[in-house]
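Examination of the molecular architecture
Each chain, written out:
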Amino acid sequence: MKKLIKTALLFAFFTLFSASAYALSLSADEAVLMNNIVKFVDTRPEGPGLRQIQLAVGSKNVALQGMASIVLFKHYGRRFQSRFLRSFTLNRRVGMFEQGKKILVKLGSLGKLLDPFNLSLQHLKDERARLVFMFCYFRNKNVYLLSESGEHLSMAVFYRISVFAAILGSNLDAIKLAELADIKR
C-alpha cells in the first residue's frame, strides 16, 4: 500500500512538473532569434547582429534577455555588466522574479526531471543557448537535486555556473561573478 501511494505521488509530481515545464518557453520566432544570437558568443556583434541583440533585450522572454545580456557583457564589458548581472541573479530582490516552493529531486530521477524539456530544447541548436534557457527556467522553480549523501544542489546554481563557464570561459571567475550578481545594488 505504501509503495502504491509513493508511486502515485511520484507520478502526480512529475505530471504537474511536466505540465509546468512549458511556463518558460520559446515560440518559433524566439527560437530562431535565440539561435541567431548565440552565434555572437564567438564573434562580436555589429550592424545587423546588434539589431538582433536589441530585439532580444527588449523581449519579454527572460531567456532571450539573458542570452543577449551575456553576449553584450562578453564583448563590450563593463557598459553592460549591470544588465548581465540582473539577468543572472538568484536574488529575488534584485531580479524581481517569483520562486516556487522548494522541490527536492533525487539524483536518480534527474532524467525524468529533464524529459519535458527535450521537445523545447531540440529547437535550440547550440548547447550554450540550452544552458541559458535551463537557468532561466530553474531560477523560478526552486528545484534542488538531492544526492545519496543528503546534500542539496540548486539546479539554478548549477546551470548559472555552467552558463558562465561555457560562454565566458576560464577568463572570469564564475563563482565571483555569481556572488556579484546576487548582491543587492
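This one's a predicted model, so the numbers in the text were calculated from it and none came from an experiment. The numbering scheme is per chain: residues are counted from 1 as the chain's sequence reads. Side-chain atom pairs in this predicted model are given and counted only at pLDDT of 80 or more, local residue features only at pLDDT of at least 70, and totals for whole chains, interfaces and linings cover all residues. Note: side-chain values were computed over all heavy atoms of the structure, leaving out hydrogens and water.

**Brief notes about the nonpolar core**
- Residue types Ala, Val, Leu, Ile, Met, Phe, Trp, Tyr and Cys, when buried and joined through side-chain atoms within 4.5 Å, form a set referred to as a nonpolar core. Think of it in three bands: residues with accessible area under 20% of the maximum for their type are buried, residues over 50% are exposed, and the middle band is partly exposed, with areas taken using a 1.4 Å probe on protein chains only. Within the largest apolar cluster, 52 residues are counted, with the highest numbers of intra-cluster contacts made by Met67, Ile70, Phe84, Phe133, Phe138, Val163 and Phe164.
- In this text, helices come from DSSP runs of H or I with a minimum length of four residues, and strands from runs of E with a minimum of two, each type numbered from the N-terminal end. When residues of this core are traced back to their parent elements, those giving at least two are α2 (28-38), α3 (48-57), α4 (62-76), α5 (81-87), α9 (127-141), β2 (143-146), α10 (155-168) and α11 (174-182).
- For Phe133, the residues in contact, after removing those within four places along its chain, are Leu24, Ser25, Leu26, Ala63, Phe117, Leu121 and Leu124. Throughout, a residue-residue contact means that at least one pair of heavy atoms, one from each residue, lies within 4.5 Å.

**Here's the deal with the environment of Gly150**
- Topologically, Gly150 is positioned in the loop between β2 and β3 (152-154).
- Here Gly150 falls in the partly exposed class, since its relative accessible area comes to 40%.
- Linking Gly150 and Lys106, residues 44 residues apart in sequence, is a C-alpha distance of 9.4 Å.

**A word on the packing of α3 against α4**
- Close contact between α3 and α4 brings their axes to 7 Å; oriented N to C, the two are set at 135°. With respect to their mutual orientation, α3 and α4 come out oblique. The interaxial crossing formed by α3 with α4 has left-handed handedness. Only Leu64, Gln65, Ala68, Val71, Leu72 and Tyr76 of α4 make contact with α3, whose side of the interface consists of Leu50, Ile53, Ala56 and Val57.
- For this classification, the nonpolar set comprises Ala, Val, Leu, Ile, Met, Phe, Trp, Tyr, Cys and Pro, the charged set comprises Asp, Glu, Lys and Arg, and every other residue, Gly included, is treated as polar. Partitioning the contact of α3 with α4 into residue classes produces nine nonpolar, one polar and no charged. Fitted lines through C-alpha atoms give the axes, limited to the stretch in contact for helices. The angle between two N-to-C directions lies from 0 to 180 degrees. Put simply, angles under 35 degrees are roughly parallel, angles over 145 are roughly antiparallel, angles from 65 to 115 are roughly perpendicular, and the rest are oblique. By definition, any crossing whose near helix is turned counterclockwise from its far helix by less than a right angle is left-handed, and any crossing with a clockwise turn is right-handed.

Take it as geometry only, folks, not as evidence of what the structure does.
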